[in-house]
Amino acid sequence: MHRTGELYGQFQTLEQQKESATLGMWVFLITEILFFGGLFMAYTVNRHAFPTAFGVSGNMLDLNLGFFNTIVLIASSFTMAMSVWSAQTSRKKAVPAWLIATLILGSAFLGIKVVEYKQKFDHHLIPGYHFDITYCSNNPGACGLSGKELDDEKKEIKEGIEAEANEAKKRGAPNPEEVGLTALNAHAQLYFSLYFGMTGLHALHMIIGAGLLLWLIFEGLKGRFDANYNTPVENIGLYWHFVDIVWIFLFPLLYLINRHLA
Amino acid sequence: MSAIAGGPAETYLSHESTIASWLLTRDHKRIALLFFASITAFFFVGGAAATLIRLNLVEPSGQLLGADLYNRMFTMHGIVMVWFFLIPSIPTTLGNFLIPLMIGARDLAFPRLNLASWYVFNISGMIALYFIIAGGVDTGWTFYTPYSTLFSNSHVIAAAFAVFVNGFSSFMTALNFVVTIHRLRAPGMTWFRLPLFVWAHYATSLIFILGTPVIAITLLLAGLERMFHMGFFNPAYGGDPILFQHLFWFYSHPAVYIMILPAMGVISEIIPTFARKPIFGYDFIAASSIGIAVIGFIVWAHHMFLTGQSTYSALAFSFLTFLVAVPSAVKVFNWTATLYKGSISFDTPMLYALGFIGLFTIGGLTGLFLACLGLDIHLHDTYFVVAHFHYIMVGGAIMGYLGGIHFWWPKITGRLYPEYLARIAAITLFVGFNLTFFPQFILGFLGMPRRYHNYPPEYQVLNVMSTAGASILALGYLLPMIYLSWSMRYGKVAGKNPWPATGLEWTTDSPPLTENFHETPVVDWEPYDFLHRPELGLLGATSKKPVPAHGDD
Amino acid sequence: MSEHSEHIVSPKIYATILAALLVGTVVTVYAAKIDLGRWNIVLALTIAVTKMTLVILFFMHGKYSARRTKLIIASGFFWLAIMLVLTLADYTTRHAEPSRSQLCPVPALTAPASAAASV
């Protein structure tokens, strides 16, 4: 690990070195746009094909947890930006403090994700594994559903089955009434495959980000970062903001598809 | 390796010679040689598969391998040749070695990232060797779903993972190139004084950066579907297998431009040197490199004309595919115009370059046939397609690669290769190549499908011809391996600029210092300017025109 | 050309952006509960794009970056747009033209003498 602000041989000036590092990070983030982009493509195509199933499935997600997570992540972007500012203005002690705040917020996000994933498992919403979209409406006790919420969900599923049956009829299926529930379950599994794929990949990026933050905190506590040298803080900050941006899109696309039935 | 007698005192080769100094090097030149070793090894692997394929096809019943083993063989050939040979070939070897030299820099922007790229490449190579030895994959290098995700009984996940990891190596190199070319150019080296080799690699790097992540996510999704029964492309869940193809080809079509653009960059360096003329239409060739990179991203569904995509979509992609031929044609015209009234000499690099122009043109034109919707209905999945892309990949890219290796061999090793033997090898390769692949155009036109281990007996003569050609082609590859190795020890000492050529890399020692230049150069000349560089000693005593190039003669 | 090494964004700006992002999040949740038909998705994506732009411009210092950085960022999104638009060009036009079997039903093979033998 090199010392603070040391100039590497291939660069002529420290400024050139710093700008190159930042340019490199931006180029890497472009690859990430295209990486997640493939998933967004798959999502778009399939939502276009199965809007009903996507609406029903999206409502299985806990809106409160998703909303909270979005707030948490946005706040962590703020704390990250503040740590970069602290480094740029040589507030050496504040740098790790803001980074620790970022890490705590990021960890909270991940913790809630674990809770959500466990919920999906309990509610039989893991694709390819005992998947049953009607599990909660048939076993409200197991899912903590009651009253208006339960009625709404039952109504939604019933309407979903009807819509799928209509689609099947339009496509010329011989027995549309029977296939309604099967089709809804099938297309819902498509949604949940995408849900786990997208949020899982996002969570993986956050875990990597958390690891990078740990390293930054460690170095920051040694007083490494100041106005002369803060490139790692800035560049890891760019990565963190990018992960935040991905969630800014995941939240409405996954959680807010058809909330106006509620 | 000790310093070459008669050569420079201290070079990047003699600098330190422990194994650790090679395996932990940050010198882009040494890393280039490390890559050279890795990809050559994989070339043998892919070549072995090709040998078995051609041997199997000598006889119509295809009993040498049988159906299942044949499927695994062509899949292995495709995966290894595409990702472990062609895509890395010129960028990681010649690109790594030359880009800093050509722009007057001491190294790439991120030397440790460069070394990491080599290690990641080798890790992906180990995973690839695993799936090959464990029994291979039978899906074709294209991994089409739902066969690959639901039905194939082969090591799909390992193969997909190998390619996934390989992608990281790719974009690490590309990222390095982009930042280096933007930020590390020597004083006076403006964008429009850059050698066209650098422009070609810049364009290639753009494709790497924008395309590779998409194949990564596509294979990740296919792997998840196979492992965890998730349903992205599975019709049982309502998924669309064609979506896989869209995502796959979004990368894989630009990938073919990754394979050809660097070779075009090599040709743009060789032609002016051996015609003793500035390249015709520098601006247009530079712009066409970027043009190919950009337009190459909007033509992918021409691989999917017969899949059931909408007719309107097919029409759009057919039109755009015709469009992408334009920048390539611009290059061919400009190279030809460069040759016109030049002082031409037929040294080995020039032979490869001239071969490239002819064979690439044939390959490119046959691509236009395939872009026609009506024709593609008959030609899709036949040997016509196989011949088309081999003309470009082998007749184009590999000839460019070999031409570049010969051209810069004196710079890399400080030695000259034996010219006479090299010319024989080049011609052998050219003859062998055409004998192998031209019959395949005819076979495809007559209707022989690809990816089948057997075929109707009336196709046998052409198949035998093709296999015979392959044996000559193999000789064309072996000869350079032999004499180039020989020349490293026994070749004539090269001197700084044996051709001579005009690039910045030729102003420094052969082989160069670890730091490349004794002092940072300042550039005040235009590229390929043979007339206004008296220090190159090109103008004869009486003639105003530069004398033809010379190497080892 | 120096990037933003001299330009330090003040915490006040960061706080303002934070507030804007939080407001945007609240708005997007409430808007989702109102039935706007197909405009729901348009509104949700518009808000998301706005939030993203604010993060890029201010948190990621995009506004203060060199032109080449801005070009690189823009090209990433442009390429994603290429993928989305051209792939959707296939999916959204798949049933645009009726297939032959819907236009002219294939005649039964049991009537060889029929004049309408070829379709």
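Keep in mind that what you see is a predicted model, and the values were worked out from it rather than measured.

1. Here we look at the overall build of chain C
What chain C contains, in helices and strands, is four helices and zero strands. Counting every position in chain C, which comprises 119 residues, the buried fraction comes to 26%. Pairs at least 24 apart in sequence give 51% of the contacts found in chain C among residues at least 6 apart.

2. Side note on the overall build of chain A
Across its full length, chain A carries nine helices and zero strands. Reading chain A from its N end, one meets helices and strands in the order α-α-α-α-α-α-α-α-α. Relative to the globule expectation of 18 Å for 262 residues, the C-alpha radius of gyration of chain A, 23 Å, shows a markedly less compact shape. Referenced to the eigenvectors of the C-alpha coordinate spread, the extents of chain A come out at roughly 75 × 35 × 30 Å. Looking at chain A as a whole, 49% of its 262 residues qualify as buried.

3. Here we look at the packing of helix H8 (residues 241-275) of chain B against helix H11 (residues 348-371) of chain B
Any two packed helices are characterised by the angle at which their axes cross and by the distance between the axes. Residues and elements named next belong to chain B. Where H8 contacts H11, the axes come no closer than 9 Å and their chain directions differ by 125 degrees. Between H8 and H11, the angle is such that the two are oblique. Our pair here, H8 against H11, has a crossing hand that is left-handed. Every residue of H11 that contacts H8 at Ala 263, Ile 267, Ile 270, Ile 271 and Phe 274 is listed here: Pro 349, Met 350, Ala 353 and Phe 356. Classifying every residue of the contact of H8 with H11 by side-chain character gives nine nonpolar, no polar and no charged.

4. Some remarks on the interface of chain A and chain C
The interface of chain A with chain C comprises 37 residues on the first partner and 37 residues on the second. When contributions to the side of chain A that touches chain C are tallied by element, the ones reaching two or more residues are helix H1 (14-49), helix H3 (63-88) and helix H9 (231-255) of chain A. Class assignment for the residues of the side of chain A that touches chain C results in 22 nonpolar, ten polar and five charged.

5. Focus: the interface of chain A and chain B
At the junction of the two partners, chain A supplies 31 residues and chain B supplies 36 residues. Its residues assigned to classes, the side of chain A that touches chain B shows 16 nonpolar, 13 polar and two charged.

6. Quick word on the packing of H1(A) against helix H3 (residues 67-91) of chain C
H3(C) packs onto H1(A) with a crossing angle of 20 degrees between their chain directions and a minimal axis gap of 9 Å. Relative to H3(C), the element H1(A) is oriented roughly parallel. Of the two possible hands of crossing, H1(A) and H3(C) adopt the one that is right-handed. In this structure, H1(A) uses Leu23(A), Trp26(A), Val27(A), Ile30(A), Ile33(A), Leu34(A), Gly37(A), Met41(A), Thr44(A), Val45(A) and His48(A) to contact H3(C), whose residues at the interface are Thr69(C), Ile72(C), Ile73(C), Gly76(C), Phe77(C), Trp79(C), Leu80(C), Met83(C), Leu84(C), Thr87(C), Leu88(C) and Tyr91(C). In terms of residue class, the contact of H1(A) with H3(C) is built from 17 nonpolar, six polar and no charged.

7. As for helix H9 (residues 282-295) of chain B
Taking 1.5 Å of rise per residue, the 14 residues of H9(B) would be expected to cover 20 Å, and the 20 Å separating its terminal C-alpha atoms lies within 8% of that figure. Within H9(B) the residues assigned to the buried category are Tyr282(B), Ile285(B), Ala286(B), Ser288(B), Ser289(B), Ile292(B), Ala293(B), Val294(B) and Ile295(B).

8. What to know about unusual backbone geometry
Put simply, Thr145(B) and Pro146(B) share a cis peptide bond, and its omega is -5 degrees. Secondary-structure assignment places Pro146(B) in the loop between helix H4 (111-133) and helix H5 (147-151). Here Ser510(B) and Pro511(B) are connected by a cis peptide whose omega angle stands at -10 degrees. The topology assignment puts Pro511(B) in the segment after helix H15 (460-490). At Ser90(A), a position not held by glycine, the phi torsion is positive, near 60 degrees. Mapped onto the fold, Ser90(A) is located in the loop between H3 and helix H4 (94-122). On the basis of neighbour counts, which here come to 13 C-beta atoms within 10 Å, the residue Ser90(A) falls in the partly exposed class. Even without being glycine, His124(A) reaches a positive phi, approximately 60 degrees. As for its position among the elements, His124(A) is in the loop between H4 and helix H5 (135-138).

9. Some thoughts on the confidence of the model for chain C
Averaged over every residue, the pLDDT of chain C is 82; residues scoring 70 or more account for 75%. What the predictor reports for the complex is a pTM of 0.92 with an ipTM of 0.92.

10. Things to note about the environment of Leu145(A)
As for its placement among the helices and strands, Leu145(A) is situated in the loop between helix H6 (140-143) and helix H7 (147-170). Residue contacts for Leu145(A): discarding those within four places in its chain leaves Cys136(A), Pro140(A), Leu150(A) and Glu153(A).

11. Structural notes on the environment of Asn139(A)
Residue and element names in this part refer to chain A. One can find Asn 139 in the loop between H5 and H6. Of the residues examined, Asn 139 has 13 C-beta atoms within 10 Å and is grouped as partly exposed. Separated by eleven residues in sequence, Asn 139 and Leu 150 have C-alpha atoms that sit 9.9 Å apart.

12. Some points on the nonpolar core
By size, the foremost hydrophobic cluster in this structure holds 273 residues, and its most contacted members are Val80(B) and Ile209(B). The element that contributes the greatest number of residues to this core is H8(B), accounting for 22 residues. When neighbours within four sequence positions are excluded, Ile209(B) is seen to be in contact with Val27(A), Ile30(A), Thr31(A), Phe171(B), Ala174(B), Leu175(B) and Val178(B).

About the criteria used
- Residues numbered from 1 in each chain as written.
- Chains lettered and ligands numbered in written order.
- Predicted model: local features only at pLDDT ≥ 70, side-chain atom pairs only at ≥ 80, totals over all residues.
- Helix = DSSP H or I, 4+ residues; strand = E, 2+ residues; numbered from the N terminus.
- Buried ≥ 20, exposed ≤ 12 C-beta atoms within 10 Å, placed from the backbone.
- Contact = placed C-beta atoms within 7 Å.
- Rg over C-alpha atoms; globule rule 2.2 N^0.38 Å.
- Axes fitted to C-alpha atoms, helices over the stretch in contact; angles between N-to-C directions.
- Parallel < 35°, antiparallel > 145°, perpendicular 65-115°, else oblique.
- Left-handed = near helix turned anticlockwise from the far one by under 90°.
- Nonpolar A, V, L, I, M, F, W, Y, C, P; charged D, E, K, R; others polar.
- Expected span 1.5 Å × (residues − 1).
- pLDDT = per-residue confidence, 0-100.
- Core = buried A, V, L, I, M, F, W, Y, C linked by C-beta atoms within 7 Å.

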